[in-house]
Amino acid sequence: FPGPFTDVVTTNLKLRNPSDRKVCFKVKTTAPRRYCVRPNSGIIDPGSSVVVSVMLQPFDYDPNEKSKHKFMVQTTYAPPNISDMEAVWKEAKPDDLMDSKLRCVFEMPNENDKLNDIDASKPAPVPNTSKQDGPMPKPHSVSLNDTETRKLMEECKRLQAEIMKLTDENRHLRDEGLRLRKVAHSDKSGSPTALALRDNGSNSLPSLLVVIAAIFIGFFLGKFIL
């Protein structure tokens, strides 16, 4: 019986009657729960043959355990007027019985056979005939209509104008700070008013402008991405 034994495995026995008389046969096994035999008994005409199917039921195969299952085919000449097969076997004398014993052998396929079976069972690749020529359409969630695009362009222009305005104010404040520093250096008495204007003009205002510009740019990029 060839494995694997995850499904029913069937092996056929061919019984032939070479004599000139009818022969009764019966198939027996040492493991009747593991096998299904069809037909397990019958009559073979002279010069004829019968095929017997032996079906091994699924089981967990253990390679370390050798099979001890055996079959025996018993035969005897059929009486002239046969009506009950069970009575024939009960009334048969031991000297009239002929038997043939068979030993079961379990064979597992090797690794190369498994790989060949797997490759043969894989379906052949089918070319994709539904592929369209040209670029694929973009997903609807990414596409923007004309109104949204126009709004984004206007928002971009407005932010660019704000950035240019803030840049000019920053440049103006930087120039004013330079002028105040020159006045402070020229004033030997070190006027507190000039120093305060210099510190506020050169430090706090440019930093505030940079923060405002970063907020505008972040708002614009977030709205464009969403």
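The text that follows walks through the structure, step by step, so that each part is easy to find. (Residues numbered from 1 in each chain as written. Predicted model: local features only at pLDDT ≥ 70, side-chain atom pairs only at ≥ 80, totals over all residues. Heavy atoms only, no water.)

1. Focus on the overall build of the protein chain
Tallying secondary structure elements over the protein chain gives 4 helices and 7 strands in all. In sequence order, the protein chain lays out its α and β elements as β-β-β-β-β-β-α-β-α-α-α. Counting the 226 residues in the protein chain, one finds 22% classified as buried. Look at the contacts in the protein chain between residues 6 or more apart in sequence, and 70% of them connect residues 24 or more apart. (Helix = DSSP H or I, 4+ residues; strand = E, 2+ residues; numbered from the N terminus. Buried < 20%, exposed > 50% of the residue type's maximum accessible area, 1.4 Å probe, protein only. Contact = heavy atoms within 4.5 Å.)

2. Concerning helix H3 (residues 146–186)
For H3, spanning 41 residues, the distance from its first C-alpha to its last is 60 Å, which sits close to the expected 60 Å at 1.5 Å a residue. For H3, the full list of buried residues reads Leu-152, Glu-155, Leu-159, Leu-166, Gly-177, Leu-180 and Ala-184. (Expected span 1.5 Å × (residues − 1).)

3. Quick look at the sheet that holds strand S4 (residues 41–44)
Overall, antiparallel pairing links the 4 strands, which are arranged S4-S2-S6-S7 in an open sheet. Among the strands making up the open sheet, the edge pair consists of S4 and strand S7 (98–103). Recorded for the sheet is a direction-independent mean angle of 20° between the axes of neighbouring strands. Two strands pair when backbone bridges link them, and strand S6 (residues 70–77) and S7 are joined in this way by 6 bridges, in the antiparallel orientation. The residue of S7 that forms the bridge with Val-73 is Ser-100. (Pairing = 2+ DSSP bridges. Axes fitted to C-alpha atoms, helices over the stretch in contact; angles between N-to-C directions.)

4. Overview of the nonpolar core
Judged by nonpolar contacts, the single largest core of 20 residues is most densely connected at Phe-1, Tyr-35, Val-52, Leu-56 and Phe-106. Taken together, the elements giving at least two residues each to this core come down to strand S1 (9–16), strand S2 (23–29), strand S3 (35–38), strand S5 (49–56) and S6. In terms of residue count, S5 provides more of this core than any other element does, 4 residues in total. Excluding residues that lie within four positions of it along the chain, Val-52 makes contacts with Thr-11, Asn-12, Leu-13, Leu-15, Phe-25, Val-27, Val-37, Arg-38 and Pro-39. (Core = buried A, V, L, I, M, F, W, Y, C linked by side-chain atoms within 4.5 Å.)

5. A closer look at the environment of Lys-28
Along the chain, Lys-28 turns up in strand S2. Leave out the neighbours within four places in its chain, and Lys-28 touches Lys-70, Phe-71, Met-72 and Gln-74. At 3.5 Å, the side chain of Lys-28 and the side chain of Gln-74 are in polar contact. (Polar contact = N/O pair within 3.5 Å; in protein donor to acceptor, adjacent residues only side chain to side chain.)

6. Observations regarding the sheet that holds S1
Within the open sheet, the 3 strands sit side by side as S1-S5-S3. Their pairing is antiparallel. The strands lining the two open edges of the sheet, one partner per strand, are S1 and S3. Averaged over all neighbouring strand pairs, the angle between strand axes comes to 20°, with direction disregarded.

7. Points about the pattern of salt bridges
With the rule as written, the count across this model stands at 2 salt bridges. The residue Arg-171 makes a salt bridge to Asp-168 at a minimum N-O spacing of 2.9 Å. You can see Arg-171 and its partner Asp-168 sitting in helix H3, 3 residues apart, about one turn around the helix. Taking the relative accessible area as the measure of exposure, Arg-171 reaches 37% and is therefore partly exposed. (Salt bridge = Lys/Arg side-chain N within 4 Å of Asp/Glu carboxyl O.)

8. Topic: the pairing of S6
Looking down a regular strand, the side chains alternate between one sheet face and the other. Most of S6 sits out of view: 6 of its 8 residues are buried. As judged from the 7 bridges shared by S2 and S6, these two strands associate in the antiparallel manner. Within the sheet, the bridge partner assigned to Lys-26 lies in S6 and is Gln-74.

9. Observations concerning the side chain of His-69
Assignment of secondary structure puts His-69 in the loop between S5 and S6. One polar contact links His-69 to Tyr-35, side chain to side chain, over a distance of 2.8 Å. Residue contacts for His-69: discarding those within four places in its chain leaves Thr-30, Ala-31, Arg-34, Tyr-35, Leu-102, Arg-103, Cys-104 and Phe-106.

10. Section: unusual backbone geometry
Omega for the bond connecting Gly-3 with Pro-4 falls within 30 degrees of zero, at 0°, which places this linkage in the cis form. Tracing the backbone shows Pro-4 in the segment before S1. Cis geometry marks the peptide bond from Arg-38 to Pro-39; its omega dihedral reads -10°. Tracing the backbone through its elements, the reader meets Pro-39 in the loop between S3 and S4.

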